[in-house]
Every structure is written in structure tokens, then in C-alpha cells.
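Each chain, letter by letter, is given below.
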Amino acid sequence: MSWNTIEPRRKRPENTITGSRQLLRKVRQIMSGEGSATDRLEYLVKTIARELLCEVCTVYILRAGEVLELFATEGLKSSAIHQTRLRVGEGLVGNIAANARALNLREAQNHPDFAYRPETGEEEFQSFLGVPIIRTGRVRGVLAIQNKVARQYTEEEQEALEMIVVVLAELIAGGELIGAGEQTQAEGNAILPTRLTGVRINSGIAMGEAILHQYRLSIRRLFSDDPEAENYRLSQALESMHESLDTLFETDQLSGSGEHQDVLKTYRLVAKDSAWIKRLHEATASGLTAEAAVQHVHDEMQSRMASATNPYLRERLHDFTDLAHRLMKHLSSENTTAAFDDLPEDVVLLARNLGPAELLDYEAHRIRAILLEEGSATSHVAIVARALDIPVIGRIENLLTRIDPLDPVIVDAENAQVFVRPGEDIQQMVQRTIEDREIQRRVFVEMRSQPPITIDNERISLNINAGLTIEVGQIDEIGADAVGLFRTEIPFMVRSELPNVAAQKELYSNIMELSGGRNVNFRTLDIGGDKNLPYLNKSRDQNPNMGWRAIRMALDRPLMLRHQLRALIQAADGRNLSVMFPMVAEVAEFEAARLILNKELERERGRNGRLPSTLRVGAMLEIPGLVWQLPALLKRVDFLSVGSNDLFQFLFAADRGNPLVAERYDILSPGMLELLRKIVKDCHEAQVPLSLCGEMAGEPIEAMALIGLGFRTISMSPPHLGKIKAMVRSLDTGRLSQYMNTLVGTADHSVRRKLTFYARDHGVQI
Ligand code: PEP
Ligand code: MG
């Protein structure tokens with residue numbers, strides 16, 4: 001068959017599935033034939049148009065600068081080729097590229113994104129079906145068909161196009177149509193020093209050379225004549241991949257218990273997901289090679305889930321991306337997981353996202369830091385990185401296009417910033433900071449056995465906030481008095497299903513064990529709103545922070561709270577137990593929760609279980625309204641813990657997650673301090689123990705102010721404890737509280753400056 005011979009149009013096949021198969025066979029012939037990439041592309045659009053009985057078939061390819069250029073057409077004016085260009089997001093084609101999602105429209109003109117380009121002559125076509133051309137998770141172009149009549153394209157027709165774009169993606173990646181350089185062209189000037197910012201995921205400071213985490217596998221053959229043989233290859237590769245994952249996860253560095261073990265267990269389960277494996281086998285049965293099947297199923301999944309914002313779904317999608325590449329390796333001759341040779345000694349690993357298994361593919365001792373375009377504090381890689389003590393920054397926009405391989409990079413995860421190709425002076429400065437921190441760390445370790453007692457002999461109780469087993473495990477090493485806040489929702493968030501009573505009991509008992517007899521304030525689940533659990537229905541709250549979360553959800557769906565309290569009582573097994581309820585807005589809510597706890601105690605007594613030797617039940621004060629019910633509340637609680645993160649955001653009506661307003665007000669404002677002073681006074685009069693467990697407790701100036709107001713127990717994230725202890729040991733509380741009396745009632749926006757000067761003048765280590 002010659003490229004230019006056009007067969008006469010045939011009638012639409014009776015059976016569209018047979019039609020699609022036939023089309024795929026032809027596509028295969030075209031791809032394995034001779035001719036330039038342009039010739040093949042041209043022939044491809046003609047063939048598709050003929051086989052699917054449509055008047056137009058076009059291919060747009062993404063060029064540098066986010067522009068989609070018409071590269072081939074059957075049916076539109078050929079003079080428009082290389083002339084018609086659309087921005088990503090512009091018109092229907094741009095919409096498909098922007099959302100990585102197909103559009104199947106009976107009447108295209110009615111779509112809000114429809115944009116008519118006169119040079120193409122497309123005004124006479126009504127129906128439109130376009131699918132994105134995706135490769136390695138990125139859109140590379142769009143394939144579209146059109147008809148004059150209003151026609152609803154069938155699912156089979158859409159599937160046929162989705163198969164064909166696998167081929168097209170490879171044709172583009174070949175570099176003949178547009179150069180490989182242009183395909184990966186970096187934005188902006190890549191050689192100047194640059195500073196990037198993101199979100200701190202795991203703290204620390206590090207320097208190293210940038211290594212881009214990427215996959216270099218290509219598909220050589222797309223179609224096979226022997227589906228059974230491909231099926232067999234696929235099964236073999238799956239088997240060997242599962243075996244090698246078991247070996248990979250047996251590393252000594254991760255041998256201890258903790259949530260990272262759950263993360264790895266979940267990953268293993270995803271690797272055995274029956275729906276995924278079934279789809280792979282179906283794709284090989286339809287004539288794709290095992291490699292093309294893996295790619296196809298993955299692209300399909302990626303385009304379906306591309307717009308998911310739910311962190312759990314994004315995590316799953318990433319697991320599948322990792323598994324797809326892993327499986328490819330097992331299908332190819334480079335059947336190895338340790339595919340990273342010649343790594344520099346100090347590696348800063350860059351990725352869009354990274355799975356736990358991918359991280360473990362590297363020699364962990366070389367990884368100084370991880371930078372991600374996505375990622376969050378509860379992402380699986382974050383949990384494993386924390387267990388390995390690797391700093392991580394996430395949500396860095398366009399990270400992969402702004403750093404070149406082997407660029408020198410400084411990662412300041414404390415302040416969530418990255419210096420790319422830094423000048424000599426910055427390198428030296430950071431090197432000094434790293435050394436100073438090391439000295440400081442040693443000082444804090446030496447200080448571990450010294451009590452947090454102020455100059456005027458006030459004992460301050462310094463506690464830690466934790467959410468992971470590994471954080472509680474550090475309690476001895478950092479010399480904290482207790483766990484002031486254990487966020488129980490975090491272990492729930494890393495699991496793929498709701499842990500039952502037995503699993504929760506094991507977790508809480510482990511935490512009590514690791515705390516070595518110190519008090520642990522277990523906060524009951526603070527989920528809902530923006531902290532969704534993957535296995536619960538997603539909330540549709542407009543203001544998630546003020547929505548159906550924490551105790552509100554627990555009282556509406558009491559079974560979950562009952563199970564959690566049951567697990568806590570059983571885990572205590574005759575030891576002390578301390579429980580607190582989050583987001584209490586009124587006394588009645590506390591009482592309702594307390595009643596549920598009483599019922600669970602009753603139940604345990606009824607089955608002759610061991611009850612906690614002492615039980616402390618507290619409330620978190622996070623909602624300003626509760627302050628006006630304090631006298632009534634304090635008669636009913638054993639302790640009170642101020643959640644200043646939430647209290648501050650509700651007091652100032654300033655969303656803590658929105659940088660535009662979160663930093664508008666200062667937590668050291670006279671208003672906030674006045675409120676805290678009232679809480680201290682009321683608790684003191686009622687003789688109810690009080691603590692504060694928001695982020696402010698971990699900042700020296702803020703912590704100093706709290707002590708000046710009368711707080712004697714504060715709880716912070718573990719890395720901050722050393723510096724707070726140093727501050728406490730240099731402080732005279734009597735003098736400070738006298739000074740703080742002078743700040744009452746001022747009209748200042750903030751008293752931060754005044755407090756900073758006070759600290760400097762009085763030798764307080766801040
Ligand atoms: C707080 O609100 O201050 C608090 C400690 O709870 P979280 O940060 O978990 O909401
Ligand atoms: Mg809170």
C-alpha cells in the first residue's frame with residue numbers, strides 16, 4: 001500500500017468494535033511502514049477519517065510556550081497546517097489540553113469554549129470528538145475528529161482514538177516532528193541563580209546537586225500478533241515486580257514500627273489491585289504489546305484522575321504511575337530496580353511527586369533533600385522521608401522546568417525555600433548555618449537532661465505535638481515532659497481504610513509504650529472539612545475549617561467516636577489515659593462527647609475489662625465562643641488545651657491556609673494576648689490545668705509571651721523544643737509578666753517588636 005493511495009470511503013461498519021480493531025490494525029501498518037514522521041502523520045489522519053466515517057481528522061501538537069499547533073488535517077484547509085495555533089485553554093482543543101480530558105460533543109458550537117478559527121474552514125462542522133495525546137503524564141497534543149451532522153460519537157469510537165493517541169505520543173516523542181529539546185524546553189532563563197518557594201513538608205537544611213527523578217523507558221513495539229504471548233509476558237513481569245517490591249521494602253533502615261510500615265503495606269496492596277491488573281490484561285487481549293498496555297492503561301487513568309484534588313486520590317494516582325514504570329522495567333531487559341548509577345555524593349532529588357518505593361530505589365544515605373511539585377505533609381513519601389530524616393519541600397510551582405540536572409541547590413526546608421545555582425556568598429552562608437545548627441543541635445542534646453526552669457525558678461512543662469509513631473519515639477532523645485497533643489487523624493489519613501478497634505488499640509498502645517509512661521493527650525479525630533479521609537464521603541463544605549469537622553462529625557456519627565474511645569480504653573489496659581475533644585464550641589457538645597465516653601467505660605466494665613487507672617478528659621479551646629462559657633466548662637473538664645492555630649483564625653476571621661490573609665494579623669496582637677490572659681485567669685481561678693498546643697508555642701518570642709501571660713505548659717512540634725528550652729532557661733518570668741502588664745490595652749497592630757527588644761535587653765535567648 002502506498003502512502004498516497006486513498007481507498008474509497010466505506011459504509012460505517014455494522015459492528016463498531018470490529019471497526020475499531022480494523023482501524024487499529026491499519027494504524028499499526030502505518031507505523032511500521034516507511035516514510036517520514038510527517039508523511040505517516042498525514043496518512044494517519046486520512047485513515048482515521050475514512051475508517052471512522054468522519055469528515056475531519058486533525059492533530060495538534062504542543063509546542064514550546066504552551067501553544068498547540070495544527071500539524072496535520074484531513075478535511076480542514078491544508079493551508080492552515082502550521083498556521084493555526086491555539087493557546088492551552090483556548091477553544092475546544094485548548095480545553096482538552098488544559099484538562100487532559102476528552103470532549104465528545106454532539107453540537108460543538110454550544111460549548112462555552114468553542115472558538116471558530118476562519119482559516120481552517122471548520123464552521124460547517126457540528127459534532128466534535130477530541131482526545132488528549134498524553135505521554136509520561138504530560139499532554140503532548142490533541143487528536144480530534146469532526147462531522148457536519150450533529151452526531152454523538154460512540155464509546156468505542158472514543159476508545160479507538162484513545163488507543164491511537166498512544167501511537168501518536170510515541171511518534172511525537174521520536175523527535176522528528178518537533179525536536180526533543182523543544183519538548184522539554186525549560187521556561188525562562190535557566191542559568192541565573194533562582195529562588196523558589198513551596199511548602200515545608202519535613203524540616204531541615206541541606207545542599208546538593210539536582211537529580212531529576214525520571215524514567216527513560218520507551219516503547220519500541222505497540223502492537224502484537226500474539227496476544228496470548230503478551231499476556232504471558234505481562235503475568236511474568238507482574239510476578240517478578242511483586243517479588244522485587246517485597247525485597248525492596250525489607251531494608252534495615254525502615255525496620256522499626258510506625259506509619260511508614262502502613263504506607264509500604266498500602267503500596268503493596270495497590271500493586272496487587274485486581275481492577276488495574278484486569279485492565280492491563282484486557283489491553284493486551286485487544287492487541288497491544290504488554291508495554292503499550294501498561295502505558296495505555298496508565299494514560300487512561302491519569303487523564304481520568306488528572307483534576308482530582310483529593311490528596312488520597314492524588315497519592316493513589318502517583319502509586320499507579322510508579323507501578324507502571326516499575327512494571328515497564330520488569331518487561332524490558334533492564335530488569336533492575338537500582339537503575340541509578342553515577343549518582344553524586346550529595347543528591348537533591350527533584351520530582352513532580354514521588355512514591356515511597358521510588359524513594360527507596362535510591363541509596364538513602366546520598367539523598368540530602370527532596371523537592372516536589374506536588375506533595376503534602378501526609379503524603380506517603382513525606383512519612384517515609386521523616387523516618388529517614390530527609391528534608392522535603394513540596395508544592396513548588398514548575399519545579400522541573402526551573403532546575404537543570406546537576407545544578408547546585410540549597411534546600412532550606414525550615415523556611416520552605418530553595419536556592420538554585422546560588423552564588424558563592426549564599427553557599428558559604430548556608431554552609432555556616434548548617435555547621436551552626438549542628439553545634440546548636442549538640443548543645444540541645446547536652447541540655448536534654450537539664451530541666452526547663454526559668455531564672456526565677458519557675459518550672460515550665462515543655463511537651464511535644466505528634467501525629468506519627470516516630471515522633472513519639474523521639475521523646476527521650478529530645479527530653480520532652482509529655483505528648484501535649486497526639487493528632488489521631490494522621491494515622492487514619494495514611495491508611496486506605498478505616499482502622500478497626502483492634503488496629504487502633506495496637507496503635508495507641510504502641511504510642512503509650514513509646515512515651516515511656518509520660519502523659520499523652522490523645523485528641524479524638526479532627527477530620528472532616530479539609531482533612532478528609534479517603535474512605536469517607538468527601539465533604540462539600542464551602543468553608544471547610546468552619547464546617548462539619550471534628551467533634552461535630554463525631555457527635556453526628558457517634559459510632560466512629562465510640563470505636564476510637566473503646567480502642568483508647570483498651571489500649572490503656574489499666575494505665576493512665578488522657579483524652580481531649582477538638583473544636584468544642586459549647587459546653588453541651590463537651591457533655592455529649594463525655595456521655596459517649598462514659599458509655600464506653602461502662603461497656604468495658606461490663607465485659608470485665610481493665611479500666612484506666614486515672615482518666616483525664618479535656619477540651620480544646622479553639623473557638624472563641626467557648627471563652628464566654630468558660631466558668632461552666634471548667635467545672636466539667638480535667639484540663640483545657642488552647643489550640644491557638646484555630647483560635648487565632650476564628651478570632652480574626654482569617655483563614656490560616658490563605659497566605660493573603662493568614663499573615664495580615666499578628667498572633668502577638670493585643671487582642672489575642674488579652675483573650676489568652678482571660679483564659680489563664682479563668683483556669684487559674686477554677687484550678688484547671690491549662691496548656692497551649694498551637695504552632696506559636698514553638699516560636700521563642702511567642703512562647704516567651706505565653707509564659708509572661710501565665711502559661712506554664714506549652715506543646716510544640718519536636719524540632720522546636722531545644723530552642724524553647726534555651727529561651728526558658730534564660731528567662732525571668734516575674735520581670736516579664738510585669739512588663740507584659742504595660743502592653744495591655746495598647747492600640748498596636750502587634751507587640752512583637754516591643755517583646756523582641758525586651759528579650760534583647762534582658763538577655764533572653766530568642
Ligand atoms: C490548633 O488548632 O492550634 C491545633 C493544635 O490543632 P490543629 O493544628 O491540628 O488544627
Ligand atoms: Mg485545631
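Model, not experiment: these values are computed from the prediction.

**Student:** Would you take a moment to explain the overall build of the protein for this structure?
**Tutor:** Secondary structure assignment for the protein yields 29 helices and 22 strands. For the protein, the proportion of its 766 residues judged to be buried stands at 53%. Sequence separation of at least 24 residues holds for 67% of the intrachain contacts in the protein that already meet a minimum separation of 6. With an accessible surface of roughly 34000 Å², the protein has 48% of that area assigned to carbon and sulfur atoms.

**Student:** I would appreciate a short explanation of the pairing of strand β16 (residues 482-487) in the present structure.
**Tutor:** Each regular strand displays side chains that alternate between the two surfaces of the sheet. For β16, the tally of buried residues reaches 6 of 6 residues, placing the bulk of the element in the interior. When strand β15 (residues 461-466) meets β16, the two strands line up parallel, connected through 4 bridges. Each bridged residue has a counterpart across the sheet, and for N463 the counterpart in β16 is A482. Relative to strand β17 (residues 520-523), β16 runs parallel, the two being bridged by 3 bridges. Paired with V483 across the bridge in β17 is V520.

**Student:** Please clarify how the coordination of the magnesium ion (ligand 2) should be interpreted in this entry.
**Tutor:** Tetrahedral coordination by four donors puts the ideal angle at the metal at 109.5 degrees, and octahedral coordination by six puts it at 90 or 180 degrees. Coordination sphere of the magnesium ion (ligand 2), protein contribution only: E622 (OE) and D646 (OD), at 2.0 to 2.1 Å. Of this pair, E622 sits in the loop between β19 (615-621) and α22 (630-634) while D646 sits in helix α23 (residues 644-651), and the two are 24 residues apart along the sequence. When its relative accessible area of 2% is taken as the criterion, D646 is described as buried.

**Student:** Whenever I open this one, unusual backbone geometry confuses me. Can you help?
**Tutor:** Residues other than glycine predominantly adopt negative phi, and peptide bonds predominantly adopt the trans conformation. With a phi angle near 60°, M583 is a residue other than glycine that sits in the positive phi range. Here M583 shows up in the loop between β18 (577-581) and α21 (587-606). In this structure, Q687 is a non-glycine residue whose phi angle is positive, near 55°. As for its position among the elements, Q687 is in the loop between α25 (670-686) and β21 (690-692). When its relative accessible area of 70% is taken as the criterion, Q687 is described as exposed.

**Student:** How should the side chain of N353 be read in this particular structure?
**Tutor:** Position of N353 among the secondary structure elements: in the loop between β10 (347-351) and α11 (356-361). At 3.4 Å, the side chain of N353 and the side chain of E374 are in polar contact. Other than its neighbours up to four places away in sequence, N353 contacts H318, E358, L372, E374, G375 and V381.

**Student:** Would you mind showing me how to read the site of ligand 1 here?
**Tutor:** Every one of the 15 residues lining ligand 1 counts as a neighbour, but R487, R523, E622, N645 and R656 are closest to it. Between ligand 1 and G643 there is a distance of 3.4 Å, counted from an oxygen atom to a backbone nitrogen or oxygen. A distance of 3.0 Å separates an oxygen atom of ligand 1 from a polar atom in the backbone of D646. Taking 290 Å² as the accessible area of ligand 1 by itself, protein coverage stands at 98%. Where the shell around ligand 1 is concerned, the elements lending two or more residues are β16 and α23. Among the elements that make up the shell around ligand 1, the one with the highest residue count is α23 (3 residues).

**Student:** Please explain the pattern of salt bridges as it appears in this structure.
**Tutor:** Note on pairing: side chains with opposite charge can pair once their charged atoms come close. In this structure the tally under the stated criterion is 45 salt bridges. Between E119 and R117 there is a salt bridge, and its shortest N-O distance comes to 3.8 Å. According to the relative accessible area criterion, E119 is partly exposed, its value standing at 30%. When the shortest N-O distance is used, the salt bridge between K754 and D748 registers 2.8 Å. Using a relative accessible area of 28% as the deciding quantity, one classes D748 as partly exposed. Through salt bridges with shared partners, one network takes in E489, R523, D526, R549 and D646.

**Student:** Sorry, what's going on with the environment of D225 here?
**Tutor:** Looking at where D225 falls in the secondary structure, it is placed in the loop between β9 (205-212) and α6 (227-248). Here the alpha-carbon distance between D225 and R25, two residues 200 residues apart in the chain, equals 10.0 Å.

**Student:** For this particular structure, what's the right way to read helix α28 (residues 733-741)?
**Tutor:** One turn of an α-helix holds 3.6 residues; hence residues three or four places apart share an orientation. All of the buried residues in α28 are T733, L736 and M740. Down the axis of α28, the buried side of the element spans an arc of 65°, and every buried residue falls inside it. As for α28, its buried residues are in contact with α25, α26 (700-709) and α29 (752-761).

**Student:** Teacher, can you tell me more about the confidence of the model for the protein here?
**Tutor:** Predicted coordinates in regions of low pLDDT should not be interpreted in detail. In this model, the protein carries an average pLDDT of 86, and 89% of its residues clear a pLDDT of 70 or more. For residues 1-14, every residue scores under 50 in pLDDT, and the model assigns this stretch 30 contacts once sequence neighbours within four places are set aside. Every residue in residues 335-339 scores below 50 in pLDDT, and together they form 9 contacts with partners more than four places removed in sequence or on other chains.

**Student:** Just to check I follow, could you spell out the sheet that holds strand β8 (residues 199-202) for this structure?
**Tutor:** Within a sheet, each strand pairs with its neighbour through backbone hydrogen bonds, oriented either parallel or antiparallel. Pairing is mixed across the open sheet formed by 8 strands, whose spatial order is β7-β14-β13-β9-β10-β11-β12-β8. With one partner strand each, in any of the chains shown, β7 (194-197) and β8 form the two edges of the open sheet. If you compare each strand with its neighbour and ignore which way they point, the axes differ by 30° on average. Across the face of the sheet, helix α12 (residues 380-388) comes into contact with β8, β11 (367-372) and β12 (392-394) while running at roughly 55° to β8. Where helix α14 (residues 424-447) meets the sheet, its contacts fall on β9, β13 (408-412) and β14 (417-420), and the angle it forms with β9 comes to roughly 125°.

**Student:** Is there a simple way to think about the pairing of β9 in this case?
**Tutor:** For β9, a buried count of 6 out of 8 residues is recorded, marking the element as mostly surrounded by other parts of the structure. Inspection of the sheet shows β9 paired to β13 by 5 bridges, in the antiparallel sense. Across the sheet, residue M207 finds its bridge partner in β13, namely I410. Bridging between β9 and β10 involves 4 bridges; their strand directions are parallel. Of the residues in β10, the one forming a bridge with L212 is L350.

**Student:** Please explain the nonpolar core as it appears in this structure.
**Tutor:** It is characteristic of soluble globular proteins that their nonpolar side chains tend to be buried jointly. I48, L143, I164, L168, W276 and I370 are the most contacted members of the largest nonpolar core, which totals 95 residues. Among the elements that make up this core, the one with the highest residue count is helix α4 (residues 155-173) (11 residues). Aside from chain neighbours lying at most four places away, what touches I370 is L349, L354, L359, A385, I390, P391, V392 and I393. Counting residues in hydrophobic clusters, the runner-up holds 92 residues, among them M512, A554, L673 and L676.

**Student:** Please explain the sheet that holds strand β4 (residues 103-105) as it appears in this structure.
**Tutor:** Judged by pairing direction, the sheet is antiparallel, and its 6 strands sit side by side in the order β3-β2-β1-β6-β5-β4 without closing on themselves. The open sheet is flanked by β3 (85-87) and β4, the only strands paired with a single partner. Averaged over all pairs of adjacent strands, the angle between strand axes in this sheet comes to 20°, irrespective of strand direction. Along the sheet face, helix α2 (residues 37-51) touches β1 (56-63), β2 (67-74) and β6 (138-147) and points at about 65° away from the line of β2.

Reading the values: rules and limits
Residues numbered from 1 in each chain as written. Chains lettered and ligands numbered in written order. Predicted model: local features only at pLDDT ≥ 70, side-chain atom pairs only at ≥ 80, totals over all residues. Heavy atoms only, no water. Helix = DSSP H or I, 4+ residues; strand = E, 2+ residues; numbered from the N terminus. Buried < 20%, exposed > 50% of the residue type's maximum accessible area, 1.4 Å probe, protein only. Contact = heavy atoms within 4.5 Å. Areas by Shrake-Rupley, 256 points an atom, 1.4 Å probe, with all protein chains shown as cover. Pairing = 2+ DSSP bridges. Donors = N, O, S within 2.8 Å, 3.2 Å for Na, K, Ca; no water. Polar contact = N/O pair within 3.5 Å; in protein donor to acceptor, adjacent residues only side chain to side chain. Near = heavy atom within 4 Å. Salt bridge = Lys/Arg side-chain N within 4 Å of Asp/Glu carboxyl O. Arc of directions from axis to C-beta. pLDDT = per-residue confidence, 0-100. Axes fitted to C-alpha atoms, helices over the stretch in contact; angles between N-to-C directions. Core = buried A, V, L, I, M, F, W, Y, C linked by side-chain atoms within 4.5 Å.

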